Amino acid sequence: AARVCPDEAQIVAVCGKNAELRRRLASKQYANVTVQVKGFVKRMSDYMQVADCLVTKAGPGTIAEACTRGLPMMLSSFLPGQEAGNVPFVTKGGFGDYSQKPAVIATTVCGW
(Lines give C-alpha, C1' and ligand atoms only; values in the text may rest on other atoms or scores of the structure.)
Protein backbone atom coordinates (compact mmCIF):
# COMPACT_ATOMS: atom_id res chain seq x y z
CA ALA A 1 0.00 0.00 0.00
CA ALA A 2 2.85 2.40 0.78
CA ARG A 3 4.17 2.36 -2.79
CA VAL A 4 0.74 2.74 -4.34
CA CYS A 5 -0.57 5.48 -2.02
CA PRO A 6 2.37 6.85 0.02
CA ASP A 7 1.56 8.67 3.28
CA GLU A 8 -2.14 8.02 2.77
CA ALA A 9 -2.53 4.71 4.53
CA GLN A 10 -2.53 3.36 8.04
CA ILE A 11 -2.54 -0.38 8.37
CA VAL A 12 -3.57 -2.37 11.42
CA ALA A 13 -2.51 -5.98 10.99
CA VAL A 14 -4.48 -8.23 13.33
CA CYS A 15 -2.71 -11.57 13.49
CA GLY A 16 -4.94 -13.32 15.99
CA LYS A 17 -3.10 -16.14 17.73
CA ASN A 18 -0.50 -16.46 14.96
CA ALA A 19 2.54 -15.40 17.03
CA GLU A 20 5.03 -16.12 14.23
CA LEU A 21 3.20 -13.83 11.79
CA ARG A 22 2.92 -11.13 14.44
CA ARG A 23 6.65 -11.35 15.19
CA ARG A 24 7.56 -11.30 11.50
CA LEU A 25 5.39 -8.26 10.71
CA ALA A 26 6.44 -6.36 13.83
CA SER A 27 10.14 -6.82 13.02
CA LYS A 28 9.85 -5.09 9.63
CA GLN A 29 10.36 -1.42 8.87
CA TYR A 30 7.64 0.19 6.76
CA ALA A 31 8.25 3.32 4.69
CA ASN A 32 5.52 5.89 4.01
CA VAL A 33 2.84 4.07 5.99
CA THR A 34 1.99 3.63 9.65
CA VAL A 35 1.66 -0.05 10.56
CA GLN A 36 0.34 -1.34 13.88
CA VAL A 37 0.72 -5.07 14.44
CA LYS A 38 -1.70 -6.67 16.90
CA GLY A 39 -2.20 -10.20 18.15
CA PHE A 40 -5.60 -11.42 19.26
CA VAL A 41 -7.97 -8.50 19.88
CA LYS A 42 -11.20 -8.73 21.84
CA ARG A 43 -12.87 -5.78 20.14
CA MET A 44 -12.44 -6.44 16.43
CA SER A 45 -15.75 -4.67 15.91
CA ASP A 46 -14.16 -1.40 17.06
CA TYR A 47 -11.45 -1.72 14.43
CA MET A 48 -14.04 -2.43 11.75
CA GLN A 49 -16.07 0.58 12.82
CA VAL A 50 -13.24 3.01 12.04
CA ALA A 51 -11.76 1.18 9.04
CA ASP A 52 -12.10 2.35 5.45
CA CYS A 53 -11.74 -1.21 4.17
CA LEU A 54 -10.79 -4.70 5.27
CA VAL A 55 -8.28 -7.17 3.85
CA THR A 56 -9.09 -10.65 5.11
CA LYS A 57 -9.51 -14.30 4.27
CA ALA A 58 -12.98 -15.40 3.25
CA GLY A 59 -14.26 -16.36 6.69
CA PRO A 60 -18.06 -16.17 6.92
CA GLY A 61 -18.23 -14.37 10.28
CA THR A 62 -15.88 -11.60 9.19
CA ILE A 63 -17.69 -11.23 5.86
CA ALA A 64 -21.07 -11.01 7.59
CA GLU A 65 -19.88 -8.34 10.02
CA ALA A 66 -18.22 -6.31 7.26
CA CYS A 67 -21.40 -6.51 5.16
CA THR A 68 -23.58 -5.25 8.01
CA ARG A 69 -21.25 -2.25 8.35
CA GLY A 70 -21.01 -1.56 4.62
CA LEU A 71 -17.24 -2.07 4.93
CA PRO A 72 -15.66 -2.93 1.57
CA MET A 73 -13.45 -5.98 1.77
CA MET A 74 -10.55 -7.39 -0.17
CA LEU A 75 -10.39 -11.15 0.16
CA SER A 76 -6.86 -12.51 -0.02
CA SER A 77 -7.45 -16.23 0.55
CA PHE A 78 -10.02 -18.87 1.41
CA LEU A 79 -10.11 -22.36 2.82
CA PRO A 80 -10.92 -24.80 0.00
CA GLY A 81 -14.39 -26.24 0.34
CA GLN A 82 -15.92 -24.44 3.28
CA GLU A 83 -14.96 -20.87 2.33
CA ALA A 84 -14.71 -21.14 -1.47
CA GLY A 85 -18.33 -20.08 -2.02
CA ASN A 86 -17.78 -16.91 0.00
CA VAL A 87 -15.53 -15.42 -2.69
CA PRO A 88 -18.22 -15.15 -5.39
CA PHE A 89 -20.72 -14.03 -2.72
CA VAL A 90 -18.47 -11.03 -1.98
CA THR A 91 -17.35 -10.25 -5.53
CA LYS A 92 -20.67 -10.76 -7.35
CA GLY A 93 -22.60 -9.15 -4.51
CA GLY A 94 -20.57 -5.96 -4.83
CA PHE A 95 -19.15 -6.19 -1.30
CA GLY A 96 -15.52 -6.31 -2.42
CA ASP A 97 -12.92 -8.04 -4.52
CA TYR A 98 -10.51 -10.99 -4.42
CA SER A 99 -6.84 -11.47 -5.20
CA GLN A 100 -3.95 -13.41 -3.71
CA LYS A 101 -1.40 -10.98 -5.17
CA PRO A 102 -0.18 -8.29 -2.72
CA ALA A 103 0.36 -5.71 -5.49
CA VAL A 104 -3.20 -6.19 -6.78
CA ILE A 105 -4.57 -5.99 -3.24
CA ALA A 106 -2.70 -2.71 -2.60
CA THR A 107 -3.78 -1.15 -5.88
CA THR A 108 -7.41 -2.16 -5.37
CA VAL A 109 -7.59 -0.98 -1.77
CA CYS A 110 -5.95 2.37 -2.59
CA GLY A 111 -8.57 2.89 -5.30
CA TRP A 112 -11.46 2.63 -2.85
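Please read all numbers here as calculations on a predicted model, not as lab measurements.

The rules behind each value
- Residues numbered from 1 in each chain as written.
- Predicted model: local features only at pLDDT ≥ 70, side-chain atom pairs only at ≥ 80, totals over all residues.
- Heavy atoms only, no water.
- Phe/Tyr/Trp six-rings, centres within 6.5 Å; stacked < 30°, edge-to-face > 60°.
- Helix = DSSP H or I, 4+ residues; strand = E, 2+ residues; numbered from the N terminus.
- Buried < 20%, exposed > 50% of the residue type's maximum accessible area, 1.4 Å probe, protein only.
- Pairing = 2+ DSSP bridges.
- Right-handed = clockwise from strand over helix to strand, strands pointing away.

Q: If you had to explain the packing of aromatic side chains to someone new, which residues and values would you point to?
A: Under the counting rule described, the total for this entry stands at two aromatic pairs. When the centroid spacing of 5.9 Å and the interplanar angle of 55° are considered together, the rings of Phe78 and Tyr98 count as tilted. You can see Phe78 sitting in the loop between β4 (73-77) and α4 (86-92) and its partner Tyr98 sitting in strand β5 (residues 96-98), a full 20 residues away along the chain. Judged by its relative accessible area of 25%, Tyr98 falls in the partly exposed class.

Q: So, the environment of Gly70: which residues are in play, and what are the values?
A: Structurally, the position occupied by Gly70 is in the loop between α3 (60-69) and β4. In this structure, the C-alpha to C-alpha distance between Gly70 and Gln49, residues 21 residues apart in sequence, is 9.8 Å.

Q: Before we move on, can you summarise the pairing of strand β3 (residues 54-57) with the specific residues and values?
A: Burial along β3 is one-sided: the face carrying Leu54 and Thr56 is buried and the face carrying Val55 and Lys57 is not. In this sheet, β4 lies alongside β3 in parallel orientation, the contact comprising four bridges. Counterpart to Thr56 in the pairing with β4 is Leu75. Between β3 and its parallel partner β4, the chain crosses via α3, and the hand of that crossover is right-handed.

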